[in-house]
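# Coordinate inspection notes
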Amino acid sequence: MQSPRFLSALVLTVSLGVTGVLWRDARQDADQEQQADFEMRVRELVNQLDQRMQTYVQVLYGVQGLFYSSDQVSRREFRTYLEGQNLARRWPGIQSIGYMQLVPANERAAHEAAVRRQPDIRPGYRIYPEGDRPWYAPTVYSEPPNALSLRALGYDGASEPLRRAALERARDTGLPAMTAAVRLLNDPAETPRSAFLILLPLYASGQPVTTVAARRAAIAGWVFAPFRLRDVMARLDSPHTAGLAVEVYDGDRARSDMLVYRSAADGAQAPMRTSVQQLSLGGHRWTLRIGAPYAAHAVASDRMHLIALCGILLSALAACLTWTLAHGRVGAHQALARSHALAAELEEGQSNLLAMADSAGRSQAMLRSILDATIDGILADDFKGAILNANRRFRELWNVPEYFDWDSDGAVLMAHLRAQLSRPEDGQFDLDPPLQDRDGQWQSPQHALLRLKDGRVIEQHTRGLQLGSEPARIWSFRDVTERVHGERREQTRRRVLELLASAAPLATILESVVAGVEAANDDLLCCVMLLDEQGERLLVAAAPSLPAFFTAAIHGIALHGEQWPAPCVQAVLTGRRVITENLHHAPSWIAHRDLALRAGIASGWSDPILGAGGAVIGTFAVYHRDARQPSMANIALIEQAARLAGIAIEQAQAAQAVRAGEARFRRLYDHAPVALWEQDWSALYAALGELAASGIDDMACYLDANPGQVARLAALVRIVDLNAAARRQVGAGPQGLVDVTLAQNFEAAAMPAFAQALAALARGEHFFVCEGSFRRLDGVVRHNELTLMVMPGHTDSLDFVIVSTVDTTEKRRMHDELRLLATTDFLTGLANRREFMHRLADEEARLRRDLGACAAVLQLDIDHFKRINDEHGHAAGDTVLRQLGVLMLEEQRKIDMVGRMGGEEFAMLLPGTTLPAASVFAERLRQRVAQSPLQLDGGVRLHVTVSIGIAVMGGGQPGGDAALIRADQALYRAKRAGRNRVALQDSVGADRPGPDGPAASA
């Protein structure tokens, strides 16, 4: 028999060994948690890099919009626009923003001469490097001025293969394109390639760009932004991604010769966790290899402490029992049997403890991963002041510091949440348990919409649940700022459009814009101020919420004088946003501190309101009751309001100018504000007489069939004189009429309108009005409204004809923009419900005139769209809606009509389509949608299907709203039959099978 000391030592050793195994497993669980945290940090870094590159593309879209919004962007306008963007602060990493102009080989000399004539251009401008190429892409503008942008002027991007490939890809696709790794012009030749260019194409206005050939014919230039990858990556560090080692390779694989960026120094390093990711932008792909050193094991968790403590205690207990049994020789066989039984029970207990510890660790790790991966902020408490759990998204939404001690005292956290609300009474942050009904069920979940002081809007859902025998509560928070502000912007935009359409006063329109901003932000007091006619003072145009004495004090502020420089004055003078965080302590407000205190305002922000040409026409000022900086949500809201106010002001002023021009038309010729032309048509009148004498009866048909005669007659018109307004309109000098011809009234494309004027004169009419186009002396073609009047007493000779012209180019542009806004769905770009119903009514009228014609109406609905929003977020839902709109546009014919009826419902009108043909089209569209999965961030592939209902019009069947209702009924039968199918209904109450089977009965 073994000695008691040996047996007790053996039992103690075995027990401690089992305890060590359990502790090692717990440590492995900790390693797994570190690996999960590393993978999440990698995803966050990749997302930050992707968002930074998308932001660069959005900057280029803004510059592209600048070129599309103006017939010609001057160097000064380009510089002013980019100075307002403040690239170095708002978009770090971008070296400059430039514009490349497409120059054919035969126009190279003319282009260089034209650029040298521009002001503020470097002497001796030329296209370099030398060499004959089919076309050139020299950099004409590059801002802000620095060593790179100055050296880039004149550099031909098409001369370098990598840059040329990106230029051609952007030209052919119409989308952003990114080059492979290149050296910037100011980089030494031995420097590795570590820079990139992002390009956006610019097409000639008015030309089609639907095909590759059309885009190649319409290309006019490119806007581009160079950046160095090390500058981009240097500003991506966040507290969560700090410490990651990043290597970026240009291409699809991590090859050493394609390395363009490395954050860690070369040399020996500690063992690293690594992850390889890929990122695509502008048709080019980067490969990222991200690593982090293995962290040293942290202090043992509570679970590891419990395992160690229990194992040691049980081991000591087993050793003591063994020692006692060995010394109790009485009943040796029975004691031995009992010791074996106790050892077996101890082993079983330790096995159960190991299984329980492993299961608890895995469950806790899985729960933490799920909570941290959700897009909603999650919080759980027990109604006793203790916080049970909270995920990372919750801390981000509510700006909860990492050092904040609220785990044991929930009241501290609730006070922190309540302090961030603009109206604390809106937050239901109490710790009392909710009521239960007789069956022990909790009340229905509570819902609230919370507005924060920084302008964000958070949606809150709260529901109770039972955890064991104790009540608990789950809080869910979601940031819905963009959705709420988008709805508010849409309401304000519709209201402004209605006021503009009804010719409402400018003050009423601006008050509507101000009310739209203040309705969503109770603490903001807004004011619109406009420059007076002399441009020397600012006048209050709309300030419904500011005190009357305050508006009276700031009304008429002089831009240059001894009055205090308020934020609005500084915004006008600088053309940039001005932020005064504390009016009570600002040096410029010391003399007027009592005025601010009396008005109850403590801070002021002001954005300049820009006109169509980029000139400042006023300011949109915002005052806040607290001394604070504006949040990003506040800045976005103010910028959108300033742009909307600028459109409203330009439209209202343009309408007022047109009406004033019509009223002043009858004034004396020399002082007329409109363009007036004195012309001699006597030679043309004689030529018309000769044509009539030759036997031509219908002059209009003759001129329409003989455009050469129209050009000959136009050359007979003699310009006698024109007033100052006409000279300004066509760009003529103060003296001489040598260069002025009829093309300054009717350019080549407007010759049909000139032919109509000739036909009217031939019929004996002496007054003619038309719309057309004219050519300025600098070659720019613009639109005009032309009135031709033969002066009394000269009707028999036409030697005294007065022509008045009004330049309507900007008016047409704004009218087209407003019409597009009123008829288009802002999310998908498709026709909205009102425009679709208008087209449906036109088709119904056509079918009534042609009894043998027919048409088909399709109603489409995305299957389980609510589930997409709930599981992946509203941003994914918006992407699904846009993708479906693109697929429908790709499948439609030119005569078809596609519209968004609301939510996830779409409709299509197929003129001249029978029910079988419509069925085939709908089935092809359904299969196309089902076979086009959507790739979400994080590698998630989202498969989307649609249900389609079809009804026909024509052939005696009711059309219009009735056909749409029948198509909607067929749609719901398709959804009830299982979704992802087509259902037909060709008459009232009659069902037809779709291509995939019979239609579902009602």
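In short, a report on the structure. (Residues numbered from 1 in each chain as written. Predicted model: local features only at pLDDT ≥ 70, side-chain atom pairs only at ≥ 80, totals over all residues. Heavy atoms only, no water.)

A word on the overall build of the chain. When helices and strands are counted, the chain shows 29 helices and 35 strands. The buried share of the chain, taken over its 1002 residues, is 45%. Total accessible area computed for the chain in this model is approximately 50,200 Å², and 54% of it derives from carbon and sulfur atoms. (Helix = DSSP H or I, 4+ residues; strand = E, 2+ residues; numbered from the N terminus. Buried < 20%, exposed > 50% of the residue type's maximum accessible area, 1.4 Å probe, protein only. Areas by Shrake-Rupley, 256 points an atom, 1.4 Å probe, with all protein chains shown as cover.)

This brings us to the sheet that holds strand β23 (residues 675-680). Within a sheet, adjacent strands bond to each other through the backbone by hydrogen bonds, running parallel or antiparallel. A sheet is described by the order of its strands in space; here 5 strands give the open sequence β24-β23-β27-β26-β25, paired in antiparallel fashion. A strand with exactly one partner marks an edge of an open sheet, and here the two such strands are β24 (718-722) and β25 (767-775). Each adjacent strand pair in this sheet contributes to an overall mean axis angle of 30°, direction not counted. In the packing of helix α23 (residues 751-762) onto the sheet, contacts are made with β25 and β26 (781-790), and the angle to β25 comes to roughly 160°. Against the sheet, helix α24 (residues 809-823) makes contact with β25, β26 and β27 (801-807), and its axis sits at roughly 120° relative to β26, the strand it touches most. (Pairing = 2+ DSSP bridges. Axes fitted to C-alpha atoms, helices over the stretch in contact; angles between N-to-C directions. Contact = heavy atoms within 4.5 Å.)

Across all of its chains, the model carries 38 salt bridges by this definition. A salt bridge links R846 to E843, with the shortest nitrogen-to-oxygen separation between them at 2.4 Å. A residue pair is termed a helical-turn pair when its members lie 3 or 4 positions apart in one helix, as R846 and E843 do in helix α25 (residues 833-849) at 3 residues. What makes E843 buried here is its relative accessible area of 5%. Across the pair D896 and R893 runs a salt bridge whose closest N-O atoms are separated by 2.7 Å. Bridged by salt links that share partners, the residues R108, E112, R116, R126 and E130 form one connected network. (Salt bridge = Lys/Arg side-chain N within 4 Å of Asp/Glu carboxyl O.)

In the contact formed by helix α27 (residues 874-891) and helix α28 (residues 915-930), the axes pass within 11 Å of each other and the chain directions differ by 140°. The angle between α27 and α28 places the two elements in the oblique class. Considering the relative orientation of α27 and α28, their crossing is right-handed. Touching L884, L887, M888, E890 and E891 of α27 are F921, R924, L925, R928 and V929, all from α28. (Parallel < 35°, antiparallel > 145°, perpendicular 65-115°, else oblique. Left-handed = near helix turned anticlockwise from the far one by under 90°.)

Right, let's talk about the pairing of strand β17 (residues 524-531) for a bit. The buried count for β17 comes to 7 of 8 residues, which makes it a mostly enclosed element. One ladder, built from 7 bridges, connects β17 with strand β22 (residues 616-624); its direction is antiparallel. In the strand pairing of β22, M529 is matched with T619. Sheet topology places β17 next to strand β18 (residues 537-542); 4 bridges connect them, and they run antiparallel. Residue pairing for β18: L530 is matched across the bridge by L539.

Quick look at the nonpolar core now. What tends to happen in soluble globular proteins is that the nonpolar side chains get buried as a cluster. Formed by 54 residues in total, the largest nonpolar core has its most connected members in M53, I97 and W286. Ranked by residue count, the leading element in this core is helix α1 (residues 4-68), at 13 residues. Beyond its immediate stretch of four places on either side in the chain, I97 contacts V59, L60, V63, F78, L82, L87, Y141, S142, E143, F224 and A225. Listed in part, the 40 residues of the second largest apolar core include L691, L713, A726 and A750. (Core = buried A, V, L, I, M, F, W, Y, C linked by side-chain atoms within 4.5 Å.)

Considering all chains together, one arrives at 16 aromatic pairs under this definition. With 4.6 Å between their ring centres and 40° between their planes, F67 and Y99 make a pair best called tilted. Of this pair, F67 sits in helix α1 while Y99 sits in strand β1 (residues 97-101), and the two are 32 residues apart along the sequence. The same class applies to F67 as to Y99, namely buried. Between W398 and F477, the aromatic rings sit 5.4 Å apart at their centres with planes inclined by 80°, giving edge-to-face as the arrangement. With W398 in the loop between α11 (392-397) and α12 (410-419) and F477 in strand β16 (residues 470-479), this residue pair connects regions lying 79 residues apart in the sequence. In this structure F477 comes out as buried when scored by relative accessible area, which is 0%. (Phe/Tyr/Trp six-rings, centres within 6.5 Å; stacked < 30°, edge-to-face > 60°.)

A separate point is a nonpolar patch on the surface. There is a patch of nonpolar side chains on the surface, built from L314, L317, L321 and L342 and spanning about 310 Å² of accessible area. Examining the composition of the nonpolar patch, we find that 3 residues originate from one element, helix α9 (residues 302-327), more than from any other. Mapped onto the secondary structure, L321 falls in helix α9. (Patch = residues over 30% accessible without salt bridge, like charges linked within 9 Å, V, L, I, M, F, W, Y side chains within 5 Å.)

Okay, unusual backbone geometry next. A cis amide bond links Y128 to the next residue, P129, at an omega of 0°. Within the fold, P129 resides in the loop between α4 (108-116) and β3 (135-136). Look at the link from E143 to P144: it is a cis peptide, with omega at -5°. If you trace the backbone, P144 turns up in the loop between β4 (139-143) and α5 (147-152). Although it is not a glycine, L798 adopts a positive phi angle of roughly 55°. Along the chain, L798 turns up in the loop between β26 and β27. Non-glycine residue N980 carries a positive phi angle of around 55°. Judged by relative accessible area, N980 falls into the partly exposed class, the value being 26%.

Moving on, we come to the environment of P138. Mapping P138 onto the fold places it in the loop between β3 and β4. C-alpha separation for the pair P138 and R108, spaced 30 residues apart in sequence, amounts to 9.9 Å. Contact partners of P138, with chain neighbours within four places excluded, come to Y99, M100, Q101, V103, H111, Y125, I127, G154, Y155 and D156.

Now for α25. If you check α25, its first and last C-alpha atoms are 25 Å apart, about what 17 residues at 1.5 Å a residue would give, namely 24 Å. Residues of α25 that are buried include every one of F836, L840, E843, E844 and L847, and no others. End-on, the buried residues of α25 take up no more than an arc of 105°, which puts them together on one face. α25 presents R834, R848 and R849 as exposed residues on the side facing more than 90 degrees away from its buried surface. On its buried face, α25 is in contact with β28 (854-862), β29 (897-902), β30 (905-911), β33 (946-954) and α29 (961-976). (Expected span 1.5 Å × (residues − 1). Arc of directions from axis to C-beta.)

Turning next to α4. What α4 keeps buried is the set R108, H111, E112 and V115. In a view along the axis of α4, the buried residues occupy a sector of 95°, so they form one face of it. Every exposed residue of α4 that faces more than 90 degrees away from the buried side is listed here: A109 and A110. Against the buried residues of α4 lie α2 (75-85), β1, β2 (103-104), β3 and β4.

Turning to the pairing of strand β21 (residues 603-610), a few remarks are in order. Within β21, 7 of the 8 residues are buried, which leaves it mostly tucked inside the rest of the structure. Bridge count between strand β20 (residues 578-580) and β21: 3 bridges; the pairing is antiparallel. Within the sheet, the bridge partner assigned to V578 lies in β21 and is S606. Where β21 meets β22, 8 bridges bridge the pair, whose relative direction is antiparallel. Counterpart to I609 in the pairing with β22 is G618. Linking β21 back to β22 in an antiparallel pair, the connection comprises 5 residues, with G614 at a positive phi of about 90°.

As a further point, take the side chain of E843. A distance of 2.4 Å separates the side chain of E843 from the side chain of R846, its partner in a polar contact. When neighbours within four sequence positions are excluded, E843 is seen to be in contact with C854, A855, L909, P911 and M953. (Polar contact = N/O pair within 3.5 Å; in protein donor to acceptor, adjacent residues only side chain to side chain.)

The next point concerns the sheet that holds strand β19 (residues 557-558). Overall, antiparallel pairing links the 6 strands, which are arranged β19-β18-β17-β22-β21-β20 in an open sheet. Every interior strand has two partners, whereas the edge strands, β19 and β20, have only one.

With respect to the element layout, L342 can be found in helix α10 (residues 332-373). Between the alpha carbons of L342 and L321 there is a distance of 9.1 Å; along the sequence they are 21 residues apart.

Our next topic: the environment of H872. Positionally, H872 belongs in helix α26 (residues 865-872). Judged by its relative accessible area of 28%, H872 is partly exposed. For the pair H872 and L942, spaced 70 residues apart in the sequence, the C-alpha separation amounts to 9.4 Å. Filtering out sequence-adjacent residues up to four positions away, H872 remains in contact with I375, L936, V940 and L942.

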